Amino acid sequence: MGRPRTNDEVVKERLVECATEMLATRPRESVTVRAVAAAAEASTTAVYSLFGGKDGLIGAVRDKAVAGLFQDLSAVQTSAADPLADLYALAVAYRRWGRGHSHLYTVLFGGVQPFAPSGEVGASDPIRPLLAAIDRALTASVLAGDATSIALSMWATMHGLVTLELAGALDATTAEAAFRSTIHATLRGWTTPEVFRSVRQAELARRQDQDRYPHSADLG
């Protein structure tokens, strides 16, 4: 019988999946090449052959997380008609990806690998779709401020909400309401005075309608 292949794509993916789960649920020092290989039913040689070692494997996990988040955010349908709606849609996509890939999210944003949202933006950086939407909102005079500062403000808000939700600190109903209200509040804080007044008036009118017809939201 020939020697088993150590560079098979199936083996590679299995190693990345096992490393992702272990990095998200265990102390980093306990995630050794031997432990990951054993969990993936592979050899330690496969890890070195495919990734060059532990650091390369961790880098592959982070690269998968970055690529997945970027893909989902880039797939969000946006238009110039309502820049605030576009930004909210991106926030929803960010939350959906985090909830659907909790281990990858933890590896990407949990300190296992450094992540610098204020650093240089690459072609496939997950922050790029957000910056593009912010630039459109600035051009349309919907938002006012520095694009990077606005992006960091939104990212910090989204990250805090998703992290609390993944940690189980918020039940489903509370998490949904908190996400909606907090993201809208963050966006309002960056709007121009004219847009701010318009948005607040629309919100007050909507609340008055809900108070007048408390079950109207269930009819749509």
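Everything quoted here is computed from the prediction, not taken from an experiment.

A. Examining helix α4 (residues 54–74) more closely. Here α4 contains 21 residues, and its C-alpha end-to-end distance of 30 Å stays within 8% of the 30 Å for a straight helix at 1.5 Å per residue. Regarding α4, the residues found buried are Leu57, Ile58, Gly59, Ala60, Val61, Arg62, Ala65, Val66, Gly68, Leu69, Phe70 and Leu73. On its buried face, α4 sits against α1 (9–25), α2 (33–39), α3 (44–51), α5 (83–100), α6 (102–109) and α7 (127–139).

B. Region of interest: the confidence of the model for the chain. Chain-level statistics for the chain give a pLDDT mean of 86 and a share of 85% at 70 or above. For the chain, per-element mean pLDDT is lowest for helix α10 (residues 193–212), which scores 77, and highest for α5, which scores 96. The model gives residues 216–220 a pLDDT under 50, and that stretch makes zero contacts with residues more than four places away or in other chains.

C. Spatial organisation of the packing of aromatic side chains. Considering all chains together, one arrives at six aromatic pairs under this definition. With a centroid separation of 5.6 Å and an interplanar angle of 55°, the aromatic rings of Phe109 and Trp155 are classed as tilted. With Phe109 in helix α6 and Trp155 in helix α8 (residues 147–166), the pair connects residues that are 46 residues apart, well separated along the chain. Judged by relative accessible area, which is 12%, Phe109 ranks as buried. Judged by relative accessible area, Trp155 falls into the buried class, the value being 18%. Aromatic ring contacts, followed pair by pair, group Tyr94, Trp97, Tyr105, Phe109 and Trp155 into a single cluster. One residue, Arg95, lies across the ring of Phe179, its end atom 5.1 Å from the ring centre.

D. Region of interest: unusual backbone geometry. Phi at Glu41 is positive, roughly 55°, even though this residue is not glycine. Note on Glu41: relative accessible area 72%, which makes it exposed. Of note in the backbone geometry, Ser141 takes a positive phi value of approximately 60° without being a glycine. Position of Ser141 relative to the elements: it lies in the loop between α7 and α8.

E. Structural view of the pattern of salt bridges. Summed over all chains, the structure comprises six salt bridges. Between Lys64 and Glu13 there is a salt bridge whose closest N-O contact spans 2.6 Å. On the criterion of sequence distance, the pair formed by Lys64 in helix α4 and Glu13 in helix α1 is long-range, its members being 51 residues apart. Where Arg95 meets Glu176, a salt bridge forms, and the shortest distance between an N and an O atom there is 2.8 Å. With Arg95 in helix α5 and Glu176 in helix α9 (residues 172–189), this residue pair connects regions lying 81 residues apart in the sequence. Under the relative-accessibility criterion, Arg95 is labelled buried at 6%. A relative accessible area of 35% places Glu176 in the partly exposed class.

What counts, and at which threshold
Residues numbered from 1 in each chain as written. Predicted model: local features only at pLDDT ≥ 70, side-chain atom pairs only at ≥ 80, totals over all residues. Heavy atoms only, no water. Helix = DSSP H or I, 4+ residues; strand = E, 2+ residues; numbered from the N terminus. Expected span 1.5 Å × (residues − 1). Buried < 20%, exposed > 50% of the residue type's maximum accessible area, 1.4 Å probe, protein only. Contact = heavy atoms within 4.5 Å. pLDDT = per-residue confidence, 0-100. Phe/Tyr/Trp six-rings, centres within 6.5 Å; stacked < 30°, edge-to-face > 60°. Lys NZ or Arg CZ within 6 Å of the ring centre and 35° of its normal. Salt bridge = Lys/Arg side-chain N within 4 Å of Asp/Glu carboxyl O.

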